[in-house]
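# Chain and residue survey
Okay, here's what each chain looks like letter by letter:
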Amino acid sequence: MKKGFVFMETLIVLIVLLITVVGIYGTYIKISSDIESRKFFDNIGDLYKTDTIRSTFTTNNFTNSNGYLEITPSNCNSYMSTTCQTLMSSLNAQKIYINIDSINSLLLSSENNLPNSLKEYLRTINNNKNERYIIVNYKYNDKNYYASLRI
């Protein structure tokens, strides 16, 4: 009778340990994949460059019917100082986005033509309020990097 009890007790302990290990492994996989995708978002150097770009804006009146404003080196003179093309190229900034509506409404809109990598980045911004952000797309080594700051 006692040998059967020890066997069942050992079996139950092994099952509990197995469930714990499987749970920890699943959490590890999720965290490591999140870290892999987040390495292209909000690097400290990119945040500093975004702050530099933010300081060159000459207007705060942003309007657009798409729910966001897309600024490229060709149209940046309308919103930024006259040296914006040089600044954007020296900082490897491909595009600058400014949300007019909230981030959530921007993500849910079917009319926007935002790249998938930008949509993935926008999901990481915790924006429950209708706050305006400057989001800059940097590109180096054929990879898209994103950084954002509140305006």
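Residues numbered from 1 in each chain as written. Predicted model: local features only at pLDDT ≥ 70, side-chain atom pairs only at ≥ 80, totals over all residues. Heavy atoms only, no water.

### Things to note about the sheet that holds strand β4 (residues 143-150)
Inclusion rule: Two strands pair under a simple rule: DSSP has to find at least two bridges between them. Note on conventions: DSSP H or I runs of at least 4 residues are helices, E runs of at least 2 residues are strands, and numbering of each starts at the N terminus. Here, axes are lines fitted to C-alpha atoms. For helices the fit covers the stretch in contact, and angles between N-to-C directions go from 0 to 180 degrees.
Here 4 strands make up an open sheet; going across it, the order is β1-β2-β3-β4 and the pairing antiparallel. What marks the edges here is a single partner per strand, and that holds for β1 (68-71) and β4. Looking at each pair of strands side by side, their axes are set apart by 20 degrees on average, direction ignored. Relative to strand β2 (residues 93-99), β1 runs antiparallel, the two being bridged by 4 bridges. Opposite Glu70, over in β2, you have Tyr97 as the bridge partner.

### Describing helix α2 (residues 44-54)
Defined as follows: Three exposure classes are used, based on accessible area relative to the maximum for each residue type with a 1.4 Å probe and protein chains only: buried under 20%, partly exposed in between, and exposed over 50%. To be clear, the arc concerns the directions from the helix axis to the C-beta atoms.
Looking at α2, one finds that the buried residues are Asp46, Lys49, Thr50 and Ile53. The buried side chains of α2 occupy one side of the element, clustering within an arc of 105 degrees when seen end-on. Turned more than 90 degrees from where α2 packs its buried face, Ile44 and Tyr48 sit exposed.

### Details of the state of the cysteines
As a reminder of what qualifies: By definition, disulfides here are pairs of cysteine sulfur atoms that lie within 2.5 Å.
As enumerated under the stated definition, the model contains 1 disulfide in all. Two residues, Cys76 and Cys84, share a disulfide whose sulfurs are 1.9 Å apart. One disulfide, between Cys76 and Cys84, carries an S-S torsion of 75 degrees and so falls in the right-handed class. Taken individually, Cys76 and Cys84 each receive the classification buried, so the pair is uniform in this respect.

On their own, these measurements won't tell you what the molecule is for.
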